[in-house]
Structures are given as C-alpha cells and as structure tokens.
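Here is what each chain is made of, one letter per residue.
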Amino acid sequence: MSNIVDPLVGQIAARVRTERERRRWTLAQLADASGVSQAMISRIERGESSPTAVVLGKLSAAFQLSIASLLALAEGTQDATEAVAGVRRPADTPEWQDPGTGYRRRQITGPRFPAEVAEIRLPAGAQVPYPGAAFAFVRQIVWVLDGHLTFHEGDTVHELDAGDTIELGEPTERVFANTTNAECRYAVILTRGAQP
C-alpha cells in the first residue's frame, strides 16, 4: 500500500473504536449488530487489518452512519474546526483503498459543506455489496463519470454509463459492480436525512 493509504488504516481503527465506545458497546455487541466477527473488529481497532468496503458497510450500518460519514470521520474531515472554504488539491485529501477489491475512495468536499461528495474508482471486475442499513437516514445520488457501472438496487439492476445518474430510494441491499475490462469512476453525493 502507498503512503497515502497507510495513515487511514490507523484513523479508521481509531474511529471504529471511538464509535463503539461512544455507544458503550462491547466487541460482542458490535459483532452482533454488524455481522462482523469479534476477531475481525479487534484486528481493525488495533490497526492490524484494513477493513474491506463490505466490512465498512456492515460496521457503518451498525453505527447508523453512512460509509462516507464513517470514512470522513476517520479522515478527520468532520472534526476539523479550522477548515475553510477554498481550493482543495488531490494531495490534500487522503485516498482509502479497499484491500479486497482495490476500490478507491477520496473525499471531495470539506467538513463545512452541507453534502458529502466522494470520488470512487472501481477496478475492472470488482463488485462491492452493501447492506440496506448502510443507506439508512441518507439521501444519495450516484453519478458515473467514466466507464460503466452495473448497480443492483435490491432486485432491480441498473446499467449506467458515463454521464448517467441514479438517485437512490428507500434503503435496500445494493451492489456496485464493474463488469467491464476498464476502471469505472463515479461520484457519490450524499446528504443526511432524519435520524431516529
């Protein structure tokens, strides 16, 4: 892994532990809520294992956070108190890479912007499934920038090409799949909805 990705492993570890402890959950309680094994959660919290996008989806669902929010919190973007509007260079925004699929994610917006925007690069042949709970309390649009994305929304399959967008409806299991031989690049635009 590159030195751009490595710091995020520790930040994700700290954020998962913080979110668990804020709820006063044991490892066993988080394992029950997320479907991720206690051993894996423990390795993630110790920074010994970089979670896959699927595992992050399950953990974020248990915390009732979007994946984007969990990663943004890990990157420190939502905790920054001195952030200002202005130019953000790619070198200033860390990129997270899924060790299982090679999926890469970079946060585009800063902490004070009212929506979260992330750029995703999905390698050829990769697919990333998420539980429906990972999409609770958020409104989200997926905008394909380059390539082709096969998007499963429950039992419905959408074939999206560059320029196509899809506004996501009620939370359901979703799969982002790249069934082509070229990388797919897309943006995810997310706003928070009502929480319980």
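Everything numeric in this text was worked out from a predicted model, so none of it was measured. (Residues numbered from 1 in each chain as written. Predicted model: local features only at pLDDT ≥ 70, side-chain atom pairs only at ≥ 80, totals over all residues. Heavy atoms only, no water.)

A. Structural context of the packing of aromatic side chains. The tally for this structure, following the rule as stated, stands at five aromatic pairs. Ring geometry for Trp 96 against Tyr 103: centres 5.8 Å apart, planes inclined by 70°, an arrangement best described as edge-to-face. Between Phe 176 and Tyr 186, the aromatic rings sit 5.5 Å apart at their centres with planes inclined by 5°, giving stacked as the arrangement. With a gap of 10 residues between them, Phe 176 in strand S9 (residues 174–177) and Tyr 186 in strand S10 (residues 184–192) connect regions that are remote in the sequence. Accessibility assignment for this pair places Phe 176 and Tyr 186 in one class, buried. The ring centre of Trp 25 lies 5.9 Å from the NZ or CZ of Arg 23, which sits over that ring. (Phe/Tyr/Trp six-rings, centres within 6.5 Å; stacked < 30°, edge-to-face > 60°. Helix = DSSP H or I, 4+ residues; strand = E, 2+ residues; numbered from the N terminus. Buried < 20%, exposed > 50% of the residue type's maximum accessible area, 1.4 Å probe, protein only. Lys NZ or Arg CZ within 6 Å of the ring centre and 35° of its normal.)

B. Quick peek at helix H2 (residues 27–34). Every buried residue belonging to H2 is among Leu 30, Ala 31 and Ser 34, and all of these are buried. Projected down its long axis, H2 carries its buried residues within an arc of 105°, all on one side. Gly 35 lies just past H2 and shows a positive phi near 80°. (Arc of directions from axis to C-beta.)

C. Structural detail: the packing of H2 against helix H3 (residues 38–45). The interhelical angle for the contact between H2 and H3, taken along N-to-C directions, is 115°, at an axis separation of 9 Å. In terms of axis orientation, H2 runs roughly perpendicular to H3. The two elements H2 and H3 cross, and the hand of that crossing is right-handed. Judged by residue contacts, Leu 27, Ala 28, Leu 30, Ala 31 and Ser 34 of H2 engage Gln 38, Ile 41, Ser 42 and Glu 45 from H3. When its residues are assigned to classes, the contact of H2 with H3 shows five nonpolar, three polar and one charged. (Axes fitted to C-alpha atoms, helices over the stretch in contact; angles between N-to-C directions. Parallel < 35°, antiparallel > 145°, perpendicular 65-115°, else oblique. Left-handed = near helix turned anticlockwise from the far one by under 90°. Contact = heavy atoms within 4.5 Å. Nonpolar A, V, L, I, M, F, W, Y, C, P; charged D, E, K, R; others polar.)

D. Examining the pairing of S9 more closely. The side-chain alternation of S9 yields two buried faces, one formed by Arg 174 and Phe 176 and the other by Val 175 and Ala 177. Pairing between strand S4 (residues 127–130) and S9: four bridges, direction antiparallel. Paired with Pro 129 across the bridge in S9 is Val 175. The sheet contact formed by strand S6 (residues 148–153) and S9 spans four bridges and is antiparallel. Residue pairing across strands places Glu 153 opposite Arg 174, the latter belonging to S9. (Pairing = 2+ DSSP bridges.)

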